[in-house]
Amino acid sequence: MSTTTSAPGAAPQRRLVEMAWDPVTRIIGNLGIYTKIDFDNREVAECKSTSSLFRGYSVFMRGKDPRDAHFITSRICGICGDNHATCSVYAQNMAYGIAMPPLAEWIYNLGEAAEYMFDHSIFQDNLVFVDYCEKLVKQTNPSLLARAERTPAPHANVHGFRTIADIMRAFDPFTGSFYREALQMSRLTREMFCLMEGRHVHPSTLYPGGTGTVATPQVFTDYLTRLVQFIDFVKKLVPVNDDMFDFFYEALPGYEHVGERRILLGCWGSFQNPDVCDYKYETMSSWGRAMYVTPGIVVDGKLLTTDLVDINLGIRILLGNSYYDDWQNEEVFVAKDPLGNPIDQRHPWNQTTIPRPQKRKLDGGPYSWVMSPRWYDRTSGAHLALDTGGGPLARLWSTALANLVHTPFVRATGNSVVIHLPKTKSSGEMELVWRVPQRANTLERNRARAYFVAYAAAMALYFVDKALERVHQGDVKVFEPFEVPDEGIGCGFHEAVRGVLSHHLVIRDGKIANYHPYPPTPWNASPRDIYGTPGPYEDAVQGMPLFEENGPEDFKGIDIMRTVRSFDPCLPCGVHMYVGGGRVIEERHAPMFGAAHAAPDAPDAPDAPEEK
Amino acid sequence: MNQDKPIEEVHILWISEGMSCDGDTVSMTAAGQPSIEDVVLGLIPGIPKVHLHNKVLAAETGEDFVRPFRHAARGELGPFVLVIEGSIPNERINGEGHWSSFGVDLETGEPITLNEWIDQLAPRAWAVVAVGTCATYGGIHAMAGNPTGCMGLADYLGWDFRSQADLPIVNVPGCPIQPDNFMETLLWLLQMATGRAPMIPLDDRLRPTWLFGKTVHEGCDRAGYYEQADFAVDYNSPRCQVKIGCWGPVVSCNVPKRGWMAGVGGCPNVGGVCIGCTMPGFPDRFMPFMDQPPGAMMSSKLVATYGKFIRTMRSITARTLDKEPKWHHNGPALTTGYDPRGPRSLVGDKYAPYGGNSGKEARR
């Protein structure tokens, strides 16, 4: 089926072919990618993404006991539920006016570090890397595979794979040796997680005020021995990643522009420092800067802020083409923060979620269950479409530039992060250096993920030391009793595995009056907002060059899939994206299915929710 | 059973597009007894060759991934086990909209709802498995006040549903599933397929009896403290947690005994109160989670002398918790008590500390 559509503008004609992948697999949740491809110029001209799931957490949490919030919000995500539970505990601590005993903080940090180790490595090795495995590369880029066969792996002496093609084979699903070892490692790290937080993926032992984990020496010994085994694996993982991505840069000149977008990175910080953190909003700037992953916003390679209060005040939730009613004229829950700063009506504290299900209209009407989180930059007046770089890229970038983390095993330098790993069964000590890259693109998002696994493992060595120091002194207190106030507000900031996570809570009458979690995926995959600013995926995919050797008939879309997966999409958190513009005349050809969607007449027009 | 000869090859069609978090799929990858790769690679004796179609683990993407599901819906695939993850939304209450979908219609380009897939696939499936508490009984997304009217698979298909192999729906609850509980259930079904195992034993809530036939309390290593009436008063303690929120005495689950994975972790055994996440009444009948369950006071006082009486009282409580709330249904109206602006019992100056208003004025 083919149709032609004309749009405003006088750009030269392009022949575009419609291509769709729905659902995108090897991610968490349900994502569909709809593109228009210019095969003559090997470029993606247009991209829409859809996710069609609404569950209504913010709706059904109203009126519930606030102490239930972390149990409930954990269920938002089936791979990083504990990040939600932890963030909710942080927000509750603030609302209840309590700090956790130091040992409890170390236990949380150890649990969350294990989560990063588990989640990043299963995602990288068992989901992302399948896009780089022999089975797929053979289908999409046979000549690249031939070259990989001839290319020796630079770190062969460390990881044992002689050529790049040997690495590719090691990641074939289920049969590849590294694939299977990684699955096994994902179990080891989950056992470490369970030692601290009880169960994976929805923890059992977290409570506001602390944890129920019994702080015996054995718990930490069991963790440490597994950690050392895992570090042995990390020492192979990082060079394997470096070899693969460096090969892509070398073999496919121009690959650095795949998935590239302007450097607009957000990180909300991770791993509290109990010496500083008191969960008071008034002191949040200082305890935020004491975190062992530094919160920050990086724009065009410059660190804009590391202040969690600044970060909090700038959050805005804009509506795009979403199935919701606006809340501009709804209730104001928080007019001023505890420091007296005004809180915008579009801030999560003041959001009222009113779902309005209706027919999907990909041609300019509502088609999304997701809104568009943005960060309002007071200095420029812009609503910045920050992304998380899949999590690790923003975390490492912010931490490196801020130069505030100086621990025995992990050290920021101002332009890099140095990670020191101890001797393990198959190798001696190893120092890894992650350097701030030139661009934010698909390969650097992926590379950062491997380095952050090492970062989390090395930080965990420090956390075990700090925890055992307490236990050895006989301090095993892990919980601080509290009262739920009749009214209060709280906010929690954390890093979910795939990036920024915030929870905003308002208590009235001792019950939840408002609760809005903002996980990474709405940031990364948001649609155009009311100002016409596209979301990060849209930026990254639109105009992207293609290197796949197949034509339209057997096109797999591998470069697009690599880009989407580099952000570590996690759709239960909700996502939608839409890219408009760029084309004048298009020829419709739908190889995947027989239908085509009409094109928007004015793709640059601001999106306005349409009601039934 | 409608089965003449052993099945040599079987497909597992796993749809996680219910109202889910994909946590059961993720949890399944944690299992070691058996592991998913052992099953897929045929390393466990006595089971058919398994073709797994699961979104999180699939190499294929897009239409390549959906194709076997379409074949199955047309009756063109060999025998398959349908695994449903996530609660089933009520798609009768939202006009032309949808709450959840999986793939698109090849003719119209419209999203295909989960419900349409279930209607097509369940009657053709050799066996149907509901994985996790959302799919089994509605779970967290079916909480009071929810907007989607969602429910469990048996509420949707009917509790008397029978598959091609004349099996009821097999429910493996847990939020998420204990990894090995699920894989062991799957293994039993695969052994049934080759004629090596008898009919899977299920209770009246369709749970495998050997996994869910005992209470949390009966397998908990803190039960000894209970016996001595030695109770924790806050979460700093290794003693019995029934006074600080644990529902273990009346919840059907083997986690404290089995651990979470490889014997590590769990719930009350490692300091996490049992919140009843395997139960049909979860979460509503267990909230607020951190309060002492009603009845715990009496039973914990009487424990020393009235064991038999307590067992009777507990069985009454357990029967209540084994029921889903009445708003889990596929009727044409939403009855969850949904109110996006409520509840709001207070107005006026009380919100002065944060400068808020009640919203009444703002909306006017």
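Residues numbered from 1 in each chain as written. Chains lettered and ligands numbered in written order. Predicted model: local features only at pLDDT ≥ 70, side-chain atom pairs only at ≥ 80, totals over all residues.

Q: Quick rundown of the overall build of chain A? Include the residues and the values.
A: Counting secondary structure elements, chain A contains 17 helices and 20 strands. The C-alpha radius of gyration of chain A comes to 24 Å, within 12% of the 25 Å expected for a compact globule of 612 residues. The dimensions of chain A, computed from C-alpha atoms along their principal axes, are 75 × 65 × 40 Å. Split into buried and exposed, the 612 residues of chain A put 64% on the buried side. Taking contacts inside chain A between residues at least 6 apart in sequence as the whole, the part at least 24 apart equals 75%. (Helix = DSSP H or I, 4+ residues; strand = E, 2+ residues; numbered from the N terminus. Rg over C-alpha atoms; globule rule 2.2 N^0.38 Å. Buried ≥ 20, exposed ≤ 12 C-beta atoms within 10 Å, placed from the backbone. Contact = placed C-beta atoms within 7 Å.)

Q: Now, about the overall build of chain B: what can you tell me, with residues and values included?
A: Looking only at helices and strands, one finds 13 helices and seven strands in chain B. Among the 364 residues that make up chain B, the fraction classed as buried is 51%. Intrachain contacts of chain B at a sequence separation of at least 6 include 72% that bridge at least 24 residues.

Q: How would you summarise the sheet that holds strand β16 (residues 430-435) of chain A if you had to cite specific residues and measurements?
A: Residues and elements named next belong to chain A. Pairing is antiparallel across the open sheet formed by three strands, whose spatial order is β14-β15-β16. Bordering the open sheet on either side are β14 (410-412) and β16, each of which pairs with just one other strand. Within this sheet the neighbouring strands show an average axis-to-axis angle of 15°, counted without direction. Across six bridges, strand β15 (residues 416-421) lies against β16 in antiparallel orientation. Along β16, the bridge assignment pairs His420 with Glu431. Along the sheet, helix α14 (residues 442-472) contacts β14, β15 and β16; its crossing angle with β15, the most-contacted strand, is approximately 55°. (Pairing = 2+ DSSP bridges. Axes fitted to C-alpha atoms, helices over the stretch in contact; angles between N-to-C directions.)

Q: Go over the confidence of the model for chain A with me, naming the residues and quoting the values.
A: Residue and element names in this part refer to chain A. When pLDDT is averaged along chain A, the result is 89; 90% of the residues meet or exceed 70. Confidence over residues 1-10 falls short of pLDDT 50; this stretch has 23 contacts with residues more than four positions distant or in other chains. In the predicted structure, residues 574-612 sits below a pLDDT of 50 and forms 140 contacts with residues beyond four places in sequence or in another chain. (pLDDT = per-residue confidence, 0-100.)

Q: A description of unusual backbone geometry should follow, citing residues and the corresponding values.
A: Note that the residue after His200 of chain A, namely Val201 of chain A, is joined by a cis bond; omega there is 15°. Structurally, Val201 of chain A can be placed in the loop between α9 (177-197) and β4 (206-207). Here the residue pair Gln33 of chain B and Pro34 of chain B is connected by a cis peptide bond, since its omega of -5° sits within 30 degrees of zero. With respect to the element layout, Pro34 of chain B can be found in the loop between α1 (23-28) and α2 (36-40). For Arg42 of chain A, which is not glycine, the phi dihedral falls at a positive 50°. Locating Arg42 of chain A in the fold gives a position in the loop between β2 (32-38) and β3 (43-50). Using a count of 14 C-beta atoms within 10 Å as the deciding quantity, one classes Arg42 of chain A as partly exposed.

Q: Break down helix α3 (residues 63-73) of chain B for me, citing the residues and quoting the values.
A: Residue and element names in this part refer to chain B. All buried positions along α3 are accounted for by Phe65, Val66, Phe69 and Ala72. Summarising the axial view, the buried residues of α3 lie within an arc of 105°, below the 170-degree limit, and thus occupy one face. On the buried face of α3, the contacting elements are β1 (9-15), β3 (80-85), β4 (101-104) and α4 (114-121). (Arc of directions from axis to C-beta.)

Q: Break down the nonpolar core for me, with residues and values.
A: By size, the foremost hydrophobic cluster in this structure holds 287 residues, and its most contacted members are Ala454 and Ala457 of chain A together with Val81 of chain B. In terms of residues, this core owes the most to one element, α14 of chain A, which gives 16 residues. Sequence-distant contacts of Val81 of chain B, that is, excluding residues within four places in its chain, are made with Val10, Ile12, Ala125, Trp126, Ala127, Val129 and Leu189 of chain B. (Core = buried A, V, L, I, M, F, W, Y, C linked by C-beta atoms within 7 Å.)

Q: Any chance you could break down the interface of chain A and chain B for me, citing the residues and the numbers?
A: On the chain B side, the residues contacting the 91 residues of chain A number 86 residues. For the side of chain A that touches chain B, the elements supplying multiple residues, two or more each, are β1 (17-21), α1 (57-60), α2 (69-74), α5 (134-140), α9, β5 (210-211) and β11 (354-355) of chain A. In terms of residues, the side of chain A that touches chain B owes the most to one element, α9 of chain A, which gives eight residues. Partitioned by chemical class, the residues of the side of chain A that touches chain B number 42 nonpolar, 24 polar and 25 charged. (Nonpolar A, V, L, I, M, F, W, Y, C, P; charged D, E, K, R; others polar.)

Q: Residue-level account of the sheet that holds strand β7 (residues 170-172) of chain B, with values.
A: All names here are of chain B. Spatially, the five strands line up as an open sheet ordered β2-β1-β3-β6-β7, and their pairing is parallel. Looking at which strands have only one partner, the edges of the open sheet turn out to be β2 (49-54) and β7. In this sheet, adjacent strand axes meet at a mean angle of 20° when their direction is disregarded. In terms of strand pairing, β1 meets β3 through five bridges, oriented parallel. Bridged to Trp14 within β3 is Val83. Contacts between α3 and the sheet are confined to β1, β2 and β3, with β1 contributing the most and set at about 110° to the helix. Sitting on the sheet, helix α7 (residues 179-193) touches β1, β2, β3, β6 (127-131) and β7, and the angle it makes with β7 is about 160°.

Q: Could you give me a rundown of helix α13 (residues 392-402) of chain A, with the residues and numbers involved?
A: Most of α13 of chain A is tucked away, with eleven of its eleven residues classed as buried. Regarding α13 of chain A, the residues found buried are Pro392, Leu393, Ala394, Arg395, Leu396, Trp397, Ser398, Thr399, Ala400, Leu401 and Ala402 of chain A.

Q: Before we move on, can you summarise the packing of helix α4 (residues 102-127) of chain A against α9 of chain A with the specific residues and values?
A: Residue and element names in this part refer to chain A. The geometry of α4 relative to α9 is characterised by a closest axis approach of 8 Å and an angle of 165° between their N-to-C directions. When the axes of α4 and α9 are compared, the pair comes out roughly antiparallel. In the packing of α4 onto α9, the handedness of the crossing is left-handed. Where α4 abuts α9, its residues Ile107, Leu110, Gly111, Ala114, Glu115, Met117, Phe118, Ser121, Ile122, Asp125 and Asn126 lie against Phe178, Tyr179, Ala182, Leu183, Met185, Ser186, Thr189, Arg190, Met192, Phe193, Met196 and Glu197. Here the residues of the contact of α4 with α9 sort into 14 nonpolar, five polar and four charged. (Parallel < 35°, antiparallel > 145°, perpendicular 65-115°, else oblique. Left-handed = near helix turned anticlockwise from the far one by under 90°.)

Q: Outline the environment of Asp307 of chain A, supporting the account with residue identities and numerical values.
A: All names here are of chain A. With respect to the helices and strands, Asp307 occurs in the loop between β8 (302-305) and α12 (308-314). For Asp307 and Trp268, which are 39 residues apart along the polypeptide, the C-alpha to C-alpha distance reads 9.4 Å. Setting aside anything within four residues of it in sequence, one finds Asp307 in contact with Ser285 and Gly288.

Q: Residue-level account of the pairing of strand β6 (residues 264-267) of chain A, with values.
A: All names here are of chain A. The side-chain alternation of β6 yields two buried faces, one formed by Leu264 and Gly266 and the other by Leu265 and Cys267. With four bridges joining them, β6 and strand β7 (residues 296-299) adopt antiparallel strand pairing. Across the sheet, residue Leu264 finds its bridge partner in β7, namely Val299.

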